[in-house]
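Coordinate analysis (summary)
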2 protein chains.
Amino acid sequence: MKLIEGGICAAKGFTASGIHCGIRKNKTKKDLSLICSEVRANAAAVYTTNLVKGAPLLVTKKHISDGHAQAIVCNSGNANTCNANGVEIAEKMSDLTAAALGISPDDVVVASTGVIGQPLDIEPIAAGLPVLAGTLSDEGGDDAAEGIMTTDTVMKKVAVEFTVGGKTCRIGGIAKGSGMIHPNMATMLVFITTDTAISSGMLQKALSTDIADTFNMVSVDGDTSTNDMVVVLANGLAGNSEITEDGEDFAAFMKALNTVTVHLCRMIAGDGEGASKLLECSVTGAKDIATAKTIAKSVICSSLLKAAMFGADANWGRVLCAIGYSGADVDVGKIDVSFRSPKGSIAVCRSGAGIDFSEETAKTILLEKEIEILVGLNDGSAGATAWGCDLTYEYVRINGDYRT
Amino acid sequence: MKLIEGGICAAKGFTASGIHCGIRKNKTKKDLSLICSEVRANAAAVYTTNLVKGAPLLVTKKHISDGHAQAIVCNSGNANTCNANGVEIAEKMSDLTAAALGISPDDVVVASTGVIGQPLDIEPIAAGLPVLAGTLSDEGGDDAAEGIMTTDTVMKKVAVEFTVGGKTCRIGGIAKGSGMIHPNMATMLVFITTDTAISSGMLQKALSTDIADTFNMVSVDGDTSTNDMVVVLANGLAGNSEITEDGEDFAAFMKALNTVTVHLCRMIAGDGEGASKLLECSVTGAKDIATAKTIAKSVICSSLLKAAMFGADANWGRVLCAIGYSGADVDVGKIDVSFRSPKGSIAVCRSGAGIDFSEETAKTILLEKEIEILVGLNDGSAGATAWGCDLTYEYVRINGDYRT
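A few points on the structure. (Residues numbered from 1 in each chain as written. Chains lettered and ligands numbered in written order. Predicted model: local features only at pLDDT ≥ 70, side-chain atom pairs only at ≥ 80, totals over all residues. Heavy atoms only, no water.)

All names here are of chain B. The sheet built from six strands is open, its strands ordered E13-E12-E11-E14-E10-E15 with mixed pairing. Of all the strands in the sheet, just strand E13 (353–354) and strand E15 (382–389) have a single pairing partner and so form its edges. When strand E11 (residues 336–341) meets strand E14 (residues 370–376), the two strands line up antiparallel, connected through five bridges. Across the sheet, residue Phe 339 finds its bridge partner in E14, namely Ile 373. This element, helix H6 (residues 248–270), spans strand E10 (278–286), E14 and E15 of the sheet and lies at about 40 degrees to E15. (Pairing = 2+ DSSP bridges. Helix = DSSP H or I, 4+ residues; strand = E, 2+ residues; numbered from the N terminus. Contact = heavy atoms within 4.5 Å. Axes fitted to C-alpha atoms, helices over the stretch in contact; angles between N-to-C directions.)

The next subject is the relation of the copies chain B and chain A. With an RMSD of 0.0 Å, chain B superimposes on chain A once it is rotated by 180 degrees and translated 0.0 Å along the axis. Viewed as a symmetry operation, the transformation between the two copies matches a two-fold axis. Residue Tyr 393 of chain B of chain B places its C-alpha closer to the rotation axis than any other residue of that unit, at 2.5 Å. With an isologous cut-off of 70% or more, the 100% of interface residues of chain B that recur at the interface of chain A puts this contact in the isologous class. (Least-squares fit on C-alpha atoms with pLDDT ≥ 70 in both.)

One key point about sheets: their strands pair by backbone hydrogen bonds, in either a parallel or an antiparallel sense. All names here are of chain A. If you trace the six strands from one edge of the open sheet to the other, you get E13-E12-E11-E14-E10-E15, paired in mixed fashion. Strands at the two margins of the open sheet, each flanked by one partner only, are strand E13 (353–354) and strand E15 (382–389). Looking at chain direction, strand E10 (residues 278–286) and E15 are connected through seven bridges and run antiparallel. The residue of E15 that forms the bridge with Val 283 is Ala 384. In this fold helix H6 (residues 248–270) packs onto E10, strand E14 (370–376) and E15, with an angle of close to 40 degrees to the strand it touches most, E15. Its contacts with the sheet put helix H7 (residues 289–301) on E10, E14 and E15, and the angle it makes with E15 is roughly 20 degrees.

Bringing the side chain of Asn 78 of chain A into the picture now. Residue and element names in this part refer to chain A. Within the secondary structure, Asn 78 is located in strand E4 (residues 68–78). On the basis of relative accessibility, which here comes to 6%, the residue Asn 78 falls in the buried class. A distance of 2.8 Å separates the side chain of Asn 78 from the backbone nitrogen of Asn 80, its partner in a polar contact. Within the local environment of Asn 78, its side chain forms a polar contact with the backbone oxygen of Pro 119, the two atoms lying 3.3 Å apart. Apart from the residues lying within four places of it in its own chain, the contact partners of Asn 78 are Ile 23, Asn 83, Ser 112, Thr 113, Gly 114, Val 115, Gln 118, Pro 119 and Leu 120. (Buried < 20%, exposed > 50% of the residue type's maximum accessible area, 1.4 Å probe, protein only. Polar contact = N/O pair within 3.5 Å; in protein donor to acceptor, adjacent residues only side chain to side chain.)

This paragraph deals with the pairing of strand E3 (residues 32–47) of chain A. Residues and elements named next belong to chain A. Summarising burial for E3: 13 of the 16 residues are buried, a large majority. Pairing analysis gives seven bridges linking E3 to E4, with the strands arranged antiparallel. Bridging from a neighbouring strand, Leu 32 pairs with Asn 75 of E4.

Let us now look at the interface of chain B and chain A. Between chain B and chain A, the contact holds 53 residues from the first and 54 residues from the second. Note on chain B versus chain A: buried area summed over both sides is about 4200 Å², and carbon and sulfur give 59% of it. Scanning the region where chain B abuts chain A turns up zero salt bridges. Viewed at the interface, chain A and chain B are joined by one residue pair in polar contact (both at pLDDT 80 or more). Looking at the side of chain B that touches chain A, the elements that each hand over two or more residues are helix H8 (303–310), helix H9 (317–324), E13 and helix H11 (393–400) of chain B. Among the elements that take part in the side of chain B that touches chain A, H11 of chain B stands out by supplying six residues, more than any other. (Buried area = accessible area lost by both parts, 1.4 Å probe. Salt bridge = Lys/Arg side-chain N within 4 Å of Asp/Glu carboxyl O.)

Function-wise, these values are silent; they only describe arrangement.
Written as structure tokens, this is what we have:
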């Protein structure tokens, strides 16, 4: 398996496009994206667990219930959530997309991201869809990736190539996500395409299994969005014999999918609203995976630790504090903590107590852009990783004045 | 019952003092406080649920186990937590206090607050205690309140006067708390004194009942401290016949205690690290109290809402979002939301959907220092209130460079 150039159009038979249609006031920002498969694809998805669910999720869930989809339409600038006519508008988006592509509305995935509680005007979308459909191309992946961005500062895409039963397969994905990131069952908007032949059931199994260790382990600000959604389309054009059960082929697919999702997780966390650093907390030596996950996520979510990382301050007491209130059952007296970055690593706590270390060396390590927080529980052999970012002035600025 | 001037020395027979002994580098900041009762008092306490517990808590728990205490010693600048010799140092603080006052070490409550994981030097404390003991006075309450402050910007004290069985009783309290505030079973450091005669058992019952609705409903940053502790001393000098069971007297005491604790909660939340506003979320119409509490706390803890309040942005979608991921079982379609401050109130969401409102009026209301977020669930008659603060640049600045 290898990383390759490209994103959502890397797999055979997928085209995409993205334009500014007028939902966002800033005309330099794209706000409507379309992704299309040459043939009807198997589809799987996971959604936010927030009780408040965006209208597009309700419509997508219905459309995907038969295990198939062919196109994804997504707007940014408005979440179409908590609006009285939300479902009606999402259905219209779906109908218009189907008409423009000559497919069934039941094969359209619809998604929206942006501000909650402001009615979404269908007019600019109606006007934009024929343009989007007319400009679909296998080079349109970046335009589509741009069209789903909100406060994101970098476009998020990735693609891998691997082999299933002697056939070359590809998986590509794009994501948006920067604030309101603390997924539970799904995250933000992530669209993944593959030409691997795999049944809807196995595709859903792969996705549901994978997100427990990937998107559900990312937190930017502890706020679980109302519109989180991860969708995978598999059109089978790679020509491998369809994956319909566990085994070597499924394992190869899972591994490739995981490479794509971890890559997107790191991009989402590193581009967290206002973030200046990517934080990765790896817990090892746990008695079970649940304990490792609980602790990794608690550390990544601590506002105090996030602010300390922004200040490149090796304040490991906050790591222990976050472990202590995580709810996990651990022996505090066995915990080791160290920090690592491209500049080296430094142990700061052993057996639950501080040890002498060079503040200067720690500063040098923590001034880097990607910081690992290594927690050793010395209580077993399970481990887990969580991703997050530092808490900065910029986060406050962005969110103190998001709507206006 | 009425609010009166004073704090920890308002009740009969309590004296206090506070000095700079040398734990903190800044000589203008007091760092050691002493509170003393003329006679041995009944005592009750609640502690943090963080698995990582400060050494002073372990020692205090042991000393208070017999239901009695006579003095409280507390230093700021160092939490004496996650240190190999922590318990030994806390015991020494206790012994030195007992020696200076001529009481038993078992009647000393010991507390520490400040940075975690740096050994606490006993020398400045040993030198300071005789000075503290020699300067105890009923006018020393403010000095003691200052001695326990860390990043607090205002001194936190309150006192009330009420009647039990025809006798005038008083309860006074001081608190410190600004960051790492998300108590669970207790909060930060809160010391309360009263001259009411009340048995240890009923005192503990009063405290344990009260904190569930007060300190446990405060959150500044979602981080539960390792050193949270609330201690009440009741020396009985008011002369009322001792409260030993439920009834009118106990109810009067509970009401007075609640007035003191709510006052301190609001002061702690409003002085949250970097805070520019006090936020109070009141949930009504819930089917039960647990639901109301879960929702009030989820709203108060949302980083996105906190940042929006800093920006005086009426972004009610974030309120609904926080309700949706709170885990509470609610009908989203019934929820009403409005904002209120001394400048008026404004409805922004009805039956789970946005309604037209004047952004200008909303701005005027939200620019105030104290903001109420009113959530109506229209699903029952239970309610709850939680307190917090906005998320500001200052929070990031303070915590990006706390140790150095």
